[in-house]
Amino acid sequence: MIADYLDRLSHQLSFDRSLAQDVRQEVEDHLWEAVAADPAADKLAAQQRAIANFGDARAIAAQFAVISLARCSRRAGVAAVLVIAAVFIAMKARIAWYAATQWAISDGLRAVSALVVRIDRYAFWLSVIVGFGSLAYIISRKIPAAFDPEYNSQLRRFLFLCRASAAALVVSVISDGVLTIIQLAGTELPVGFWVPMASMAIEIACAGVLVFHIRGVALRAASTAALLNSCVGH
Amino acid sequence: MLKGHLDMIVLAALSAAGPAHGYAVIEEIKQRSGGAFDLPEGTIYPALHRLEQAGLLKSNWTTADSGRRRRVYALTRTGNRALIERRAVWKQFSAAIGGLIGGARPRETPA
C-alpha cells in the first residue's frame, strides 16, 4: 500500500527526477516510521492511517512542484549570466585572433562592417544589462509557498526579462556571424581560419542553451499550473 | 492562517529538537502544540525543502537503524537569525491582538 502511494507521488513529480527520488526516500522513511509508531496490531490499517495523515499525493506533489519551479527559474537566471559571459569570451578571443593574425577586412566591406559592429555592440550590452537584471530579480524574490497570483506575475516578469535578454543575445550572435562572414569574404583563408568558426559555433551553442533554459522554465510553469488545477478539480 | 506561520513553526520545532528528520519535526510540533495543529503531515516536507533552498536549513542523508535512508535537517545560522526575528514580530503581534481581544493594553515597545 505504501509502495503504491510512493509510486503515485513519484509519478506526479516525474518532471524532476532527482527531486522525485529524494522525496520518495524521505516520504518512505516517514510512512514506515508512522506505521511502526502506530499501536494498532493491524499493520494494513496502520499503513492506511499513515497515508491518510500524510495527505493526498497530488496535493503534496503540487507543493513540491512550486519549489522545483523556483529552483528551475533561478538556474535559468544563472544560466543567462554564464551564457552571456561565455559569448563575451568567445567574441573577445576571435577579435584577439584577428589582431594576432593581422587579418583585416577588405576595403569594400568596411562601411557595412561598421554598421553591423554598432548593432552587435548595442544588442550585446542590452543582453548583459537585462540578463544580469533578470538574475538579480529572481534571486531577490522569496521562494514561494504556493503558486499564487503574486508569484505568477513575478515569474512572468522574470520570463519577460530572460526572453528580452535572449533576443538581444541572438541579435548579437547573428551580428557576429555576419561580421565573421564579412571577415572571411574576399580574403585568402589563413591556416587557422577554424578559430573564428569555432568561436561562432560556441556563441550559437550558448544562445541555444539560454533559449533551452527559458523554454524549460515556461514548460515547468505550465505543468505546475496544470498540476495545481488538477488538485483544485479533485 | 496556520499555513502563513508554517515556516516559523518548522524553524521553532527544529530549534527546540535540534537536528531532526521530517517525522521527528512533525512529532515535535504535535507535542509542543498539544496536538492543536491538524495539518496533513506531508505539508511539512515541502516547507522543509523550501526553507533549505532559502538557506535557513541544511540537510544531510544518514542511514536510520531500520536501514532506510533518512534526511536530517538542522537550522543554519541564517535560519537561527530568521527565527529570532520572527519570534520578536510574533510576540509584538500577539501582544497587540491580546490587548485588543483581552482588553489589556500591550506594553509599548520603542519603534
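No experiment lies behind these values; they were computed from the predicted model shown.

1. Description of the overall build of chain A
A count of helical and extended segments in chain A gives seven helices and zero strands. The C-alpha radius of gyration of chain A comes to 26 Å, more than 25% above the 17 Å expected for a compact globule of 234 residues. Seen along its three principal axes, the alpha-carbon backbone of chain A occupies a region of about 90 × 35 × 25 Å. Counting across all 234 residues of chain A, residues that qualify as buried make up 32%. Long-range contacts, defined here as pairs at least 24 residues apart, represent 83% of the contacts in chain A between residues at least 6 apart.

2. A few points about the domain arrangement of chain A
Domain annotation for chain A reports domain 1 (2-55) and domain 2 (71-233). Each of domain 1 of chain A and domain 2 of chain A has a C-alpha centre, and the two are 43 Å apart.

3. So, helix H3 (residues 44-53) of chain B
Each α-helix turn comprises 3.6 residues. Residues three or four places apart therefore point the same way. Residues and elements named next belong to chain B. With eight of ten residues buried, H3 is to be regarded as a mostly interior element. Where H3 is concerned, the buried positions are Ile44, Tyr45, Pro46, Ala47, Leu48, His49, Arg50 and Leu51. Downstream of H3 by a residue or two, Gly55 has a phi angle that is positive, lying close to 85 degrees.

4. Notes on helix H4 (residues 77-102) of chain B
Between its first and last C-alpha atoms H4 of chain B spans 36 Å; for 26 residues at 1.5 Å apiece the expected length is 38 Å, and the two agree. The buried fraction of H4 of chain B is low, at one of 26 residues.

5. Focus: the sheet that holds strand E1 (residues 20-21) of chain B
All names here are of chain B. Spatially, three strands are ordered E1-E3-E2 in an open sheet, and the strand pairing comes out antiparallel. Whereas interior strands pair on both sides, the edge strands pair on one side only; in this sheet they are E1 and strand E2 (57-63). In the sheet, E1 pairs with strand E3 (residues 69-75) via two bridges, with the strands oriented antiparallel. When the bridges of E3 are listed, His21 appears paired with Val72. Across the sheet, helix H1 (residues 6-17) is in contact with E1, E2 and E3; its angle to E3 comes to roughly 95 degrees.

6. Some remarks on the packing of helix H2 (residues 17-37) of chain A against helix H3 (residues 43-54) of chain A
Residue and element names in this part refer to chain A. Interhelical geometry of H2 versus H3 gives an angle of 130 degrees and a closest axis separation of 9 Å. Between H2 and H3, the angle is such that the two are oblique. H2 and H3 meet at a crossing whose hand is right-handed. Contacts from His30, Leu31, Ala34 and Val35 of H2 reach H3 at Lys43, Ala46, Gln47, Ala50, Ile51, Asn53 and Phe54. A class-by-class count of the residues in the contact of H2 with H3 yields seven nonpolar, three polar and one charged.

7. Some thoughts on the interface of chain A and chain B
For interface size, the figure often reported is the accessible area lost on association. Facing 20 residues of chain A, the contacting portion of chain B comprises 19 residues. Secondary-structure elements contributing two or more residues to the side of chain A that touches chain B are H2, H3 and helix H4 (57-101) of chain A. When residues of the side of chain A that touches chain B are assigned to their parent elements, the largest contribution, ten residues, is made by H2 of chain A. Tallied by class, residues from the side of chain A that touches chain B come to ten nonpolar, five polar and five charged.

Definitions and cut-offs
Residues numbered from 1 in each chain as written. Chains lettered and ligands numbered in written order. Predicted model: local features only at pLDDT ≥ 70, side-chain atom pairs only at ≥ 80, totals over all residues. Helix = DSSP H or I, 4+ residues; strand = E, 2+ residues; numbered from the N terminus. Rg over C-alpha atoms; globule rule 2.2 N^0.38 Å. Buried ≥ 20, exposed ≤ 12 C-beta atoms within 10 Å, placed from the backbone. Contact = placed C-beta atoms within 7 Å. Domains from an automatic or database assignment. Expected span 1.5 Å × (residues − 1). Pairing = 2+ DSSP bridges. Axes fitted to C-alpha atoms, helices over the stretch in contact; angles between N-to-C directions. Parallel < 35°, antiparallel > 145°, perpendicular 65-115°, else oblique. Left-handed = near helix turned anticlockwise from the far one by under 90°. Nonpolar A, V, L, I, M, F, W, Y, C, P; charged D, E, K, R; others polar.

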